[in-house]
Amino acid sequence: MLSDFPKLVISTFANDPFSDQVEAVLREAYKKAGIGLEIVKVSGERAIQLSNLSETDGELYRIKGISSKYPNLVMLPVPIWYSEIVVFTKSKKFVPEGWESLTPYKIGILRGSQYSENNTKGMNRFMATETQQIYYMLDHTTGQKIITY
């Protein structure tokens, strides 16, 4: 019975479709290893704070190099997910050419997404706690861009 085995508690972004996919991969891998898995879904910033403070055993996924800001996190050398940053817009004419090309626009990003936060510092941005919020912003405003992974 799986409940008789050790269990890891992992924190991650709430209401994030990518988290669900990565969670499924990890659940299967840890199940085969006889290790239970509990996923704590909170805001991205809260998730990384929980793991950095050792209140959870780790993060479901984060960008390479995050340990420079959060020294208690140690990257495992086994990639389970890969993504690229993309920009969505309602304008067919916009072609992003680096982060700086987003400066004139209000942009939506996911709070706790360290890569997006670091690269949009000083820009006019909307920080959402859930992925759905940034899509809602794009759908209900004009001239805006959103960044997602």
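Colleague: What is the right way to look at the environment of I10 in this model?
Modeller: Assignment of secondary structure puts I10 in strand β1 (residues 7–13). Counting along the chain gives 116 residues from I10 to F126, while the straight-line C-alpha distance between them is 27 Å. Leave out the neighbours within four places in its chain, and I10 touches L37, E38, I39, V40, D57, G58, E59 and L60.

Colleague: Can you help me understand the environment of Y61 in this one?
Modeller: When you line up the elements, Y61 lands in the loop between β3 (58–59) and β4 (86–89). Separated by 49 residues in sequence, Y61 and T12 place their C-alpha atoms 7.4 Å apart. Within the structure, the side chain of Y61 is placed 3.4 Å from the side chain of S19, a separation counted as a polar contact.

Colleague: Looking at this structure, how should I read the sheet that holds strand β2 (residues 36–42)?
Modeller: By way of backbone hydrogen bonds, the strands of a sheet pair with one another, either parallel or antiparallel. On the basis of which strands lie adjacent, the open sheet formed by three strands has the order β2-β1-β3 and parallel pairing. This sheet does not close on itself; its edge strands, each paired only once, are β2 and β3. As defined by bridge partners, β1 adjoins β3 across two bridges and the pair is classed as parallel. Among the inter-strand pairings, S11 is bridged to a residue of β3, identified as E59. Against the sheet, helix α1 (residues 17–32) touches β1 and β2, its axis set at about 165 degrees to β2. Sheet strands in contact with helix α2 (residues 44–52) are β1, β2 and β3, and its direction is about 150 degrees off that of β1.

Colleague: I keep staring at the pattern of salt bridges and nothing clicks. Help me out?
Modeller: A side chain of one charge can pair with a side chain of the opposite charge if their charged atoms are brought near each other. On inspection of all chains with the given rule, the structure shows six salt bridges. We note a salt bridge from R46 to E55, for which the minimum N-O separation is 3.9 Å. Between E59 and R62 there is a salt bridge, and its shortest N-O distance comes to 2.7 Å. A single salt-bridge network, built from bridges that share partners, covers D20, E23, R27 and K41.

Colleague: Mind showing me how you'd approach the pairing of β2 here?
Modeller: Within a regular strand, the side chains alternate between the two sheet faces. Across seven bridges, β1 lies against β2 in parallel orientation. Paired with F13 across the strands is V42, a residue of β2.

Colleague: Looking at this structure, I do not really get the nonpolar core. What am I missing?
Modeller: Proteins that are soluble and globular tend to have nonpolar side chains buried together. Judged by nonpolar contacts, I10, F13, V22, L26, L37, I39, L60, Y61 and L110 together constitute the single largest core of nine residues. In contact with L37, not counting residues within four places along its chain, are K7, L8, I10, L26, R27 and Y30. Grouped together as the second largest cluster of nonpolar side chains are five residues, F94, W99, L102 and M123 included.

Colleague: What is the right way to look at the confidence of the model for the protein in this model?
Modeller: Low pLDDT means the predicted coordinates in that region are not meant to be read closely. Per-residue pLDDT for the protein averages 85, and the proportion of residues at 70 or more is 92%. Taking the mean pLDDT of every element in the protein, the minimum, 64, falls on strand β7 (residues 145–148) and the maximum, 94, on β2.

Colleague: What is the right way to look at a nonpolar patch on the surface in this model?
Modeller: A surface patch of nonpolar side chains, amounting to about 240 Å² of accessible area, comprises V25, V78 and I80. Turning to its location among the elements, V25 is positioned in helix α1. Overall, the relative accessible area of 44% leaves V25 in the partly exposed class.

Rules and cut-offs
Residues numbered from 1 in each chain as written. Predicted model: local features only at pLDDT ≥ 70, side-chain atom pairs only at ≥ 80, totals over all residues. Heavy atoms only, no water. Helix = DSSP H or I, 4+ residues; strand = E, 2+ residues; numbered from the N terminus. Contact = heavy atoms within 4.5 Å. Polar contact = N/O pair within 3.5 Å; in protein donor to acceptor, adjacent residues only side chain to side chain. Pairing = 2+ DSSP bridges. Axes fitted to C-alpha atoms, helices over the stretch in contact; angles between N-to-C directions. Salt bridge = Lys/Arg side-chain N within 4 Å of Asp/Glu carboxyl O. Core = buried A, V, L, I, M, F, W, Y, C linked by side-chain atoms within 4.5 Å. Buried < 20%, exposed > 50% of the residue type's maximum accessible area, 1.4 Å probe, protein only. pLDDT = per-residue confidence, 0-100. Patch = residues over 30% accessible without salt bridge, like charges linked within 9 Å, V, L, I, M, F, W, Y side chains within 5 Å. Areas by Shrake-Rupley, 256 points an atom, 1.4 Å probe, with all protein chains shown as cover.

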